[in-house]
Amino acid sequence: MQIAVLGAGSMGHGIAQVSAMAGHDVILRDIEDEFVENGIEGIRDNLQGGVDRDKVTEEEMQTALDRISGTTDLEAAVADADLVIEAVPEDMDLKKDVFSDVEAATGEETIIASNTSSMSVTEMGSVLEHPERVVGLHFFNPPHLMDLVEIIIAEQTDERTESVAVDYVRDIEKEDVVVRDTAGFASSRLGIALGLEAIRMVEQGVASPADIDESMSIGYGHPMGPLELTDHVGLDVRLHIAEHLREELGERFKPPQSLRRKVRAGNLGKKSGEGYYVWEDGERVGMSGDWDDE
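Residue positions are counted from 1 within each chain, in the order its sequence is given. Reporting of local features is limited, given that this is a predicted model, to residues whose pLDDT is at least 70; pairs of side-chain atoms are given and counted only at 80 or more, and all residues count toward the totals for whole chains, interfaces and linings. No hydrogens and no water enter the side-chain calculation; it runs on all heavy atoms of the structure.

Topic: the sheet that holds strand S6 (residues 134-139)
1) Next: Two strands qualify as a pair provided DSSP detects at least 2 bridges between them. Each helix is a run of H or I in the DSSP string that is no shorter than four residues. Each strand is a run of E no shorter than two, and both are numbered from the N terminus. Strand order in the open sheet formed by eight strands is S3-S2-S1-S4-S5-S6-S7-S8, with mixed pairing between adjacent strands. A single partner strand is all that each edge strand has here, and the edge strands are strand S3 (68-71) and strand S8 (175-180). The average undirected angle you get between the axes of adjacent strands in this sheet is 25°.
2) Next: Across five bridges, the pairing between strand S1 (residues 2-6) and strand S2 (residues 25-29) is parallel. If you follow Leu 6 over to S2, its bridge partner there is Arg 29.
3) Next: Packed onto the sheet, helix H5 (residues 92-105) meets S1, strand S4 (83-86), strand S5 (111-114) and S6 and runs at close to 165° relative to S5. Note on geometry: axes are C-alpha line fits, over the in-contact stretch for helices, and angles between N-to-C directions span 0 to 180 degrees. Should any heavy atoms of two residues lie within 4.5 Å, those residues are counted as being in contact.

Some points on the layout of surface pockets
1) Next: If you add up the space inside the second largest pocket, you get close to 420 Å³.
2) Next: The definitions used throughout rest on a 1 Å grid laid over the protein atoms alone, on which a cavity is an enclosed set of points accommodating a 1.4 Å probe that cannot get out and a pocket is an open set flanked by protein within 12 Å on both sides along at least five of seven lines; lining residues are those having an atom within 4 Å of a point. Lining the second largest pocket are 18 residues, with Val 18, Met 21, Val 56, His 144 and Lys 174 positioned closest to its centre.
3) Next: Taken together, the elements giving at least two residues each to the lining of the second largest pocket come down to helix H1 (10-21) and helix H2 (33-52).
4) Next: Residues are sorted three ways: Asp, Glu, Lys and Arg are charged, Ala, Val, Leu, Ile, Met, Phe, Trp, Tyr, Cys and Pro are nonpolar, and all the rest, Gly among them, are polar. Classifying every residue of the lining of the second largest pocket by side-chain character gives eight nonpolar, four polar and six charged. Grid points are joined across faces, edges and corners, and a volume is the space filled by probe spheres set on the points.

Here's the deal with the pattern of salt bridges
1) Next: The term salt bridge refers to a side-chain nitrogen of Lys or Arg lying within 4 Å of a carboxyl oxygen of Asp or Glu. Tallied over the full model, the rule gives 12 salt bridges.
2) Next: Asp 176 serves as the salt-bridge partner of Arg 170, at 2.9 Å between the closest nitrogen and oxygen.
3) Next: Looking at Arg 170, the relative accessible area reads 52%, which means it is exposed.
4) Next: Note that Arg 260 is salt-bridged to Glu 243, the shortest N-O span being 2.8 Å. Here the residue Arg 260 occupies a position in helix H12 (residues 257-264), and Glu 243 occupies one in helix H11 (residues 235-249), the gap between them amounting to 17 residues.
5) Next: With a relative accessible area of 34%, Glu 243 lands in the partly exposed category.
6) Next: Within this structure, Glu 86, Glu 90 and Lys 95 form a network of salt bridges that share partners. Think of it in three bands: with a 1.4 Å probe and only protein chains considered, a residue is buried below 20% of the maximum accessible area for its type, exposed above 50%, and partly exposed in between.

As for H5
1) Next: Take the number of residues in a helix, subtract one, and multiply by 1.5 Å to get its expected span. Helix length check: H5, at 14 residues, gives a terminal C-alpha distance of 20 Å against a target of 20 Å (1.5 Å per residue), a fit within 8%.
2) Next: Considered for burial, the residues of H5 that qualify are Met 92, Lys 95, Lys 96, Val 98, Phe 99, Val 102 and Glu 103. The buried residues of H5 occupy one face: seen down the axis, they fall within an arc of 160°. Opposite the packed face of H5, turned more than 90 degrees from it, sit the exposed residues Asp 93 and Ala 104.
3) Next: As for H5, its buried residues are in contact with S1, helix H4 (74-78), S4, S5, helix H6 (121-125) and S6.
4) Next: Any pair of nitrogen or oxygen atoms within 3.5 Å is treated as a polar contact; in protein, a donor-acceptor pairing is required on top of that, and neighbouring residues in sequence qualify only through side-chain atoms on both sides. With a side-chain oxygen lying 3.2 Å from the backbone nitrogen of Asp 93, the N-terminal cap of H5 falls on Asp 91. The arc in question is the one spanned by the directions pointing from the helix axis to the C-beta atoms.

Some details on the UniProt feature "domain: 3-hydroxyacyl-CoA dehydrogenase NAD binding" (unreviewed entry) in the protein chain
1) Next: UniProt positions are given in the numbering used here, feature names are shortened, and annotations may be inferred rather than shown by experiment. When the UniProt feature table is mapped onto this chain numbering, "domain: 3-hydroxyacyl-CoA dehydrogenase NAD binding" (unreviewed entry) sits at residues 2-182.
2) Next: Secondary structure content for residues 2-182 is 43% helix and 22% strand, and the end C-alpha separation is 29 Å.

Encoded structure:
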């Protein structure tokens, strides 16, 4: 297929990468040339890392890169697309605007998907003349390493759109789960519940962040603990999702005060250098606050 990915950040360029590696032609679009260039450079770095680990051949790397182009022109990006995937910031008004702009520049057969992790795909689709082509494709970060894609079926999604979405996810060699469009879907709802409780445990002095994380990674086989995952996702992102789920589902999703304090202080996790851990050059080097160094 011809695929347009809107947003060249970590999620957007990761989605572009896995799509190109599966043989699709991809246009990566963002609002500034610098963002597009950074996104393509991120893809190049990811693929080079795969080459260095003997997971990807030099030929596969170059072939994937040859399938990806970049632009700041929305209409040019989506005009011939079979599938458009938005990966813009989690702001409902922004996503609605993007959906409207995409519909104005595409034919009725183009599938329009959102990579939202918790927001209503049904509401996004409400601004369209043909909302039956809307679906959610919730990739996990980083998309080139994480196997799961959550397919969200909006109230308006028709059978053709669902079928195309499922086929696409399987074609890029990801595992799919299909869920109804409810607040937090399945993954974010459960992930946030675990993450918020882990933060409360830190607040109460139950154990250090590292020991809480190890209780889940070693004891339950999670790839990483809920606090380290919070640092990876971004504390600001986690706070935003928690506030949305609190509004939709009730007080059990009320964000802990330490999460609010850290976000106010600019301690957003790995991307800022400190969250519940301290990070240097992308690596954990210690724990934040009064806990002993790791």
